[in-house]
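Observations on the three-dimensional arrangement
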4 protein chains.
Amino acid sequence: MISQIELDRLLTDRKNLLMIAGPCAIESESQIVSTAQYLKGLGSHVIRGGAFKPRTSHKTFQGLGEEGLKLLAKARDATGLPIVSEVMDTDHLNLVESYVDIIQVGSRNSQNFSLLREVGKIDKPILLKRGFGVTVAEFLSASEYITSGGNERVMLVERGIRTFENSTRFTLDVSAVPVIHEKSTLPVIIDPSHPAGSARYVEPLALAGVAAGADGLMVEVHPAPDKALSDATQQLTFEAYSSLYEKVGKVASVLGRQL
Amino acid sequence: MISQIELDRLLTDRKNLLMIAGPCAIESESQIVSTAQYLKGLGSHVIRGGAFKPRTSHKTFQGLGEEGLKLLAKARDATGLPIVSEVMDTDHLNLVESYVDIIQVGSRNSQNFSLLREVGKIDKPILLKRGFGVTVAEFLSASEYITSGGNERVMLVERGIRTFENSTRFTLDVSAVPVIHEKSTLPVIIDPSHPAGSARYVEPLALAGVAAGADGLMVEVHPAPDKALSDATQQLTFEAYSSLYEKVGKVASVLGRQL
Amino acid sequence: MISQIELDRLLTDRKNLLMIAGPCAIESESQIVSTAQYLKGLGSHVIRGGAFKPRTSHKTFQGLGEEGLKLLAKARDATGLPIVSEVMDTDHLNLVESYVDIIQVGSRNSQNFSLLREVGKIDKPILLKRGFGVTVAEFLSASEYITSGGNERVMLVERGIRTFENSTRFTLDVSAVPVIHEKSTLPVIIDPSHPAGSARYVEPLALAGVAAGADGLMVEVHPAPDKALSDATQQLTFEAYSSLYEKVGKVASVLGRQL
Amino acid sequence: MISQIELDRLLTDRKNLLMIAGPCAIESESQIVSTAQYLKGLGSHVIRGGAFKPRTSHKTFQGLGEEGLKLLAKARDATGLPIVSEVMDTDHLNLVESYVDIIQVGSRNSQNFSLLREVGKIDKPILLKRGFGVTVAEFLSASEYITSGGNERVMLVERGIRTFENSTRFTLDVSAVPVIHEKSTLPVIIDPSHPAGSARYVEPLALAGVAAGADGLMVEVHPAPDKALSDATQQLTFEAYSSLYEKVGKVASVLGRQL
């Protein structure tokens, strides 16, 4: 398991892009462990996987819960890579914290100020996603609920906003990268998967984010996307992620960064 | 104090518009009790007041907390009117529930599915506000997290959505009224205060909502709006609310409703 | 035919709501004349009908052109009601002007400044529709291209803006009514048909507009909407328009207006 | 002057990014000629400059008109580079066509179907900008008004859409690049200047566009942006454009393109 010092070095090193990847939802041991091993082999830094899923409809797959976190921990054991998963409320915070290295606060909780205050008291890095109806200024205000509580290890994730355009699921606001960098010292991560809504748009959006100066990427990758229990259309195959990874490395290198 | 039977009759009676009013935040006993007495005299049905305030910035007034709920309960004692206040997280749910007659779930928690599930187990009516970045379809899906838990006493509040227009704080989506009525049996309440962002636009938006078929209104009223600790620009004076109330009554009456 | 003095009285009389109605597109003599006669009988003031249609796709019905204007003029002859139709470019301005009493500039030309300057030189009233991507402030600036040219007989039409909400075709920005009234002396007309996108939402949006203080309505009405060559879903039958008309009259009357 | 064959080769060569640059508005001979000479030296391909300016307010600088086109032609004479300028209406089309090599149709005329039909009859390449309230699907439909007229030399420019986010002037919809490439064979150009609204965001947006697969860029460059008569905040200095140009070349090269 990664030491806190190593993790902090990983998260704060602006020279190296932080590559976070993994399936939308943890579905089985073989799914998450094989994905982690693939990502480890490629050089990705952090494994993501959802155990408690915030789904628009209560009738759809809601995640494996604590069982999912246990499987995610197995993926860490098998690879040594740090893991991140989403916490959906203050009640589950201790549980999630006990399993993961990095805690994710999702888009729909972007202005759940009670939860933000609680994660501000925790001694683990936080991945805070922008709400899809939230301005950059409000996003930064939300991050201050965490940092003002004493936890300054916050990473900000741009994941697309709601607009009238409907050829993609959300509109990636790539300008959020330079705007946030101007107003905050926190790293900015691009999630190209949720705005794309379709696997074939993920690579161009990822490259756009890196070219705009993002400090990392968070990408949905699944061993068999067409069989995924959620977000089936937007998760990348291993092959597609390898292609993305290679091109990201090239773009990063000419802009003074590296993978 | 109002009996549950009377409350249910009040909330489900589509003939009578449900008038909910009160200050953005509870600030003092005299503020909330005088407001409640004024509203009682006019004929309003439910007193609202915020005790736990979801504020964009952690540096602004966050509400009086439980002390605010106690003051709100005094306003109920003084008038006999039922009271509503917002719950911000599952941790505070029991506390808020112990004081109020109706529980409000705010815009920023509109897709906080953990909280929605918890209020679905409660035996009190829920006022669910639409998130400002949330579609009507998602709003209805969110309400099903509550009703599928067994609590079918849910009222849906349209309070404006995020658009490019900036002459008002949000854009009231008045078409949500007929759309929701077509797809759901739940009552629809219009909050004209938050989209207006300015007291002088509240009355026209309230009248528009009633004319579009809303089942009630929720309006911010304050004894001295210019001295309010939050939302100072959009709260109505007693005089302005009385004017609105009279016109709402007239419009309702010609459309087969009444106050 | 209506005299200019009578027309001006009609358009500037804030006491009486201005009711403009008619089909999306002029399709045949019997269609437009029968509609005009029906509207005359009801008490509507102005007949609308499109001859040059701005259609998103070049493959769809583009209107009858000058032949349509001739048929519209027959509807005026048959009823004595003034007529309005859209001009799409400066080239057709003289042609359209020679037939109609009021010239409409459509949403997609809302910031066609060349056209606005030309209609500013004309001695006929202008119905200027708000662009669906245009702020109220820009809408008012656009109107000044006309008024600064000397033509101050401009009516401003709110017809819905582009937002992320997709249960309606556009989102009616009903708050534009009080905002424009505060910043301009020009009358504000609500077009409930285009934002609704569906006939069953037209009446609630029309009533909302009137309740918010609009000075008039422009509604699409067709003798047989299901056979219409354009906008088939949103045009009202005569029966539905009569119902709307009656309710609009009631709401107007309690707010100090009349039909 | 460039031959039509050379121009077509330039515009259709997907291997080489098409670099279009120049001031928002043509202001003087020295301004436009010095800019053109600077751009020629750097290797940019096309000089842009506005002569007829579509301005939100009729009180602001509207461009030099035909005098501006003459100055732009001098810039071509001095450098041999092809020139592009905007046509605002059908009346000016012959005039603009007589001076420029490429005709631009601006955002506010994106759905001015009369103008689109007219430029569809012309034997010069068209630079069609996306309206800021227009979907990608509608943008493509608009382009078909031109191509169905026989003129298939159309380039599509993404220049930002209207959203609720207000830290930038518009939100660059970078996903439009892969979406349009999937549905059309027309080249896609990114304008990073208008969405940025501020010079300091132009480079990251330009790089994002290229990384997403754009076939070219159109950038506002001015010898002294702080003295510009329009868009003063978003035009780049020569120095800033040289920096952008160098980085664009690097990103292009690792993605199989070149300047």
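Note on numbering: residues in each chain are counted from 1, in written sequence order. Each chain is given a letter, starting from A, and each ligand a number, starting from 1, according to the order in which they appear as written. Totals for whole chains, interfaces and linings use all residues, but because this is a predicted model, local features are given only for residues with pLDDT of at least 70 and pairs of side-chain atoms are given and counted only at 80 or more. Hydrogen atoms and water are omitted, and side-chain values are computed over all heavy atoms in the structure.

This paragraph deals with the overall build of chain A. Of the regular secondary structure elements, chain A holds ten helices and eight strands. Using C-alpha atoms as the atom set, the radius of gyration is obtained and then compared with a globule rule of 2.2 Å times the number of residues to the power 0.38. Compactness check: chain A gives a C-alpha radius of gyration of 16 Å against a globular reference of 18 Å for 259 residues, within 12% of the reference. Each of the three principal axes of chain A carries a C-alpha extent, and together these read 40 × 40 × 40 Å. Contacts are residue-level and defined by heavy atoms, with any inter-residue pair within 4.5 Å sufficient. Taking as baseline every contact in chain A between residues at least 6 positions apart, the subset at least 24 positions apart corresponds to 69%. Accessible surface, chain A: about 8,100 Å² in total, of which carbon and sulfur atoms supply 49%. Under the counting rule used here, the positive set is Lys and Arg, the negative set is Asp and Glu, and His together with the chain ends is not counted. By convention, the charge on Lys lies at NZ, on Arg at CZ, on Asp at CG and on Glu at CD. Averaged over its 27 positive side-chain charges, chain A has a centre that lies 2 Å from the centre of its 30 negative ones. Helical segments are the DSSP runs of H or I of at least four residues, strand segments are the runs of E of at least two, and each set is numbered from the N terminus. Surface accessibility in these figures is a Shrake-Rupley result with a 1.4 Å probe; residues are shielded only by whichever protein chains are displayed.

Another point: the interface of chain A and chain B. With 29 residues of chain A at the contact, the number on the chain B side is 29 residues. Note: buried area is the sum, over both parts, of the accessible area (probe 1.4 Å) each one loses when the two are combined. Together, the buried faces of chain A and chain B total about 2,500 Å²; carbon and sulfur atoms form 45% of this surface. Together, A:Thr56, A:His58 and A:Arg108 form the three largest contributors to the area buried by chain A at its contact with chain B, with a combined 21%. Polar contacts here mean pairs of N or O atoms no more than 3.5 Å apart (in protein, one a potential hydrogen donor and the other a potential acceptor; neighbouring residues in sequence count only if both atoms are side-chain atoms). Joining chain A to chain B, the criterion identifies 20 residue pairs in polar contact (both at pLDDT 80 or more). Of all the secondary-structure elements, those providing two or more residues to the side of chain A that touches chain B are α5 (113-119) and α6 (136-147) of chain A.

Residues and elements named next belong to chain A. Here the rule is simple: two strands pair whenever DSSP picks up at least two bridges between them. Pairing is parallel in the closed barrel, where eight strands are placed in the order β1-β2-β3-β4-β5-β6-β7-β8. Strand-to-strand twist of the sheet, defined as the mean angle between neighbouring strand axes without regard to direction, takes the value 30°. Of the pairings in the sheet, the one linking strand β7 (residues 188-190) to strand β8 (residues 216-220) comprises two bridges and is parallel in character. In the strand pairing of β8, Ile-189 is matched with Gly-216. Here, axes are lines fitted to C-alpha atoms. For helices the fit covers the stretch in contact, and angles between N-to-C directions go from 0 to 180 degrees. Docked against the sheet, helix α3 (residues 66-79) engages β2 (46-48) and β3 (83-87), running at close to 165° with respect to β3.

Turning our eyes to something else, we now look at the relation of the copies chain D and chain A. Least-squares fitting of chain D to chain A yields an RMSD of 0.0 Å, with the superposition described by an axial translation of 0.0 Å and a rotation of 180°. In symmetry terms, the pair is related by a two-fold rotation axis. Of the C-alpha atoms belonging to chain D, the one lying closest to the rotation axis is found on D:Ala208, 1.9 Å away. Taken together, the interface assignments show that 100% of the residues at the interface of chain D recur at the interface of chain A, consistent with an identical surface on both copies. Only residues with pLDDT of at least 70 in both copies contribute their C-alpha atoms to the least-squares superposition of the copies.

Here the focus is the packing of aromatic side chains. Side-chain rings of Phe, Tyr and Trp (the six-membered ring for Trp) are treated as a pair once their centres are within 6.5 Å; stacked means planes under 30 degrees apart, edge-to-face means over 60, and tilted covers the remaining angles. Tallied over the full model, the rule gives 20 aromatic pairs over all chains. Ring geometry for C:Tyr38 against C:Phe238: centres 4.1 Å apart, planes inclined by 10°, an arrangement best described as stacked. A residue pair is termed long-range when its members are at least 10 positions apart, and C:Tyr38 in helix α2 (residues 29-42) and C:Phe238 in helix α10 (residues 238-254) qualify at 200 residues. Residue exposure (1.4 Å probe, protein chains only): buried if accessible area is under 20% of the type maximum, exposed if over 50%, otherwise partly exposed. Assessed through its relative accessible area of 22%, C:Phe238 is described here as partly exposed. The rings of A:Tyr38, A:Phe238, A:Tyr241 and A:Tyr245 are connected pair by pair, giving a single aromatic cluster. A ring is scored as having a charge over it whenever the NZ atom of a lysine or the CZ atom of an arginine sits within 6 Å of its centre and within 35 degrees of its normal. One residue, C:Arg162, lies across the ring of C:Phe132, its end atom 4.4 Å from the ring centre.

Turning to the interface of chain D and chain A, a few remarks are in order. Taken together, the contacts link 34 residues of chain D with 34 residues of chain A. A buried area of about 2,800 Å², summed over both sides, lies between chain D and chain A, and 71% of it is on carbon and sulfur atoms. In what follows, salt bridge is the name for a side-chain nitrogen of Lys or Arg lying within 4 Å of a carboxyl oxygen of Asp or Glu. Along the contact surface separating chain D from chain A lie four salt bridges. Between A:Arg200 and D:Glu182 there is a salt bridge, and its shortest N-O distance comes to 2.1 Å.

So, about the side chain of A:Arg48. Residues and elements named next belong to chain A. Within the secondary structure layout, Arg-48 lies in strand β2. Glu-220 provides the closest opposite charge to the buried, unpaired Arg-48, separated from it by 4.1 Å. A polar atom in the side chain of Arg-48 sits 3.3 Å from the backbone oxygen of Pro-23. Here the side chain of Arg-48 touches Cys-24 through a polar contact of 3.0 Å, landing on its backbone oxygen.

Here we come to the relation of the copies chain A and chain B. Rotating chain A by 180° about the axis while translating it 0.0 Å along that axis superimposes it on chain B, leaving an RMSD of 0.0 Å. Looking at the interface residues of chain A, 100% of them are also at the interface in chain B, so both copies use one shared face.

Working note: non-glycine residues mostly have negative phi, and peptide bonds are mostly trans. Residue and element names in this part refer to chain C. At Asp-231, a position not held by glycine, the phi torsion is positive, near 50°. Relative to the assigned elements, Asp-231 resides in the loop between β8 (216-220) and α10. Note on Asp-231: relative accessible area 17%, which makes it buried.

Turning our eyes to something else, we now look at the nonpolar core. The biggest cluster of nonpolar side chains holds 300 residues, and the ones touching the most others in it are A:Tyr241, B:Tyr241, C:Tyr241 and D:Tyr241. Residues within four places of C:Tyr241 in sequence aside, it is in contact with C:Met19, C:Ala21, C:Tyr38, C:Leu39, C:Leu42, C:Ser44, C:Val219, C:Val221 and C:Leu236. The criterion is simple. A nonpolar core is a set of buried Ala, Val, Leu, Ile, Met, Phe, Trp, Tyr and Cys residues joined through side-chain atoms within 4.5 Å.

Let us look at the pattern of salt bridges. Counted according to the given criterion, the structure contains 65 salt bridges over all chains. Across the salt bridge formed by A:Asp191 and A:Lys129, the nearest N and O atoms sit 2.8 Å from each other. With a gap of 62 residues between them, A:Asp191 in the loop between β7 and α8 (193-196) and A:Lys129 in strand β5 (residues 126-129) connect regions that are remote in the sequence. Residue class for A:Asp191 comes out buried when judged on its relative accessible area of 1%. Judged by relative accessible area, A:Lys129 falls into the buried class, the value being 4%. Its salt-bridge partner being A:Arg130, residue A:Asp173 comes within 3.0 Å of it at the nearest N-O pair. Placement of the pair is A:Asp173 in the loop between β6 (154-158) and α7 (176-183) and A:Arg130 in the loop between β5 and α6, with a sequence separation of 43 residues. With relative accessibility at 0%, the residue A:Arg130 sits in the buried group. By sharing partners, the salt bridges in this structure join A:Arg130, A:Glu158, A:Asp173 and D:Glu165 into a single network.

Looking now at the side chain of C:Thr171. You can see C:Thr171 is positioned in the loop between β6 (154-158) and α7 (176-183). C:Thr171 gets classed as buried once you look at its relative accessible area, which sits at 0%.

Before going further, it helps to examine the packing of helix α6 (residues 136-147) of chain C against α7(C). Residue and element names in this part refer to chain C. The interhelical angle for the contact between α6 and α7, taken along N-to-C directions, is 50°, at an axis separation of 11 Å. As judged from the angle between their axes, α6 and α7 are oblique. As for the relative orientation of α6 and α7, their crossing is right-handed in sense. Contact residues: α6 offers Val-136, Phe-139 and Leu-140, while α7 offers Ala-176, Val-179, Ile-180 and Lys-183. Comment on the angle field: the value is read as roughly parallel under 35 degrees, roughly antiparallel over 145, roughly perpendicular from 65 to 115, and oblique elsewhere. Each helix crossing is assigned a hand: it is left-handed if the near helix lies turned anticlockwise from the far helix by less than a right angle, otherwise right-handed if that turn is clockwise.

Residue and element names in this part refer to chain A. By definition here, a helix of n residues has an expected span of 1.5 Å times n minus one. In this model, helix α2 (residues 29-42) (14 residues) spans 20 Å end to end at C-alpha, consistent with the 20 Å of a helix rising 1.5 Å per residue. For α2, the full list of buried residues reads Gln-31, Ile-32, Val-33, Thr-35, Ala-36, Tyr-38 and Leu-39. On its buried side, α2 packs onto β1 (18-22), β2, α3 and α10 (238-254). Of the residues trailing α2, Gly-43 is marked for its positive phi of about 115°.

Residues and elements named next belong to chain D. Mapping Ile-102 onto the fold places it in strand β4 (residues 102-105). Sequence-wise, Ile-102 and Ser-57 are 45 residues apart; in three dimensions their C-alpha atoms are separated by 27 Å. Here Ile-102 is in contact with Leu-7, Leu-11, Val-46, Ile-83, Val-84, Ser-85, Pro-125, Ile-126, Leu-127 and Met-155, once residues within four sequence places are set aside.

With that out of the way, let us pick up the pairing of strand β3 (residues 83-86) of chain C. All names here are of chain C. Here β3 shows no split at all, with Ile-83 and Ser-85 on one side and Val-84 and Glu-86 on the other all buried. Pairing between strand β2 (residues 46-48) and β3: two bridges, direction parallel. Within β3, the position partnered with Arg-48 by the bridge is Val-84. Note on the crossover from β2 through helix α3 (residues 66-79) to β3: the handedness is right-handed. For β3 and strand β4 (residues 102-105), the ladder comprises three bridges, and the chain directions are parallel. Residue pairing for β4: Val-84 is matched across the bridge by Ile-102. Whether a crossover is right-handed comes down to one check: with the strands pointing away from the viewer, does the path from the first strand over the helix to the second run clockwise; if it does, it is right-handed. At this point the chain moves from β3, through helix α4 (residues 93-99), to the parallel β4, and the crossover so formed is right-handed.

Relative to each other, helix α9 (residues 199-211) of chain A and helix α9 (residues 202-211) of chain D sit at 155°, their axes nearing to 7 Å. By the angle between their directions, the pair α9(A) and α9(D) is classed as roughly antiparallel. Seen along the crossing, α9(A) lies across α9(D) with a hand that is right-handed. Contact with α9(A), carried on its side by A:Pro204, A:Leu207, A:Ala208 and A:Ala211, involves D:Pro204, D:Leu207, D:Ala208 and D:Ala211 of α9(D) and no other residues of that element.

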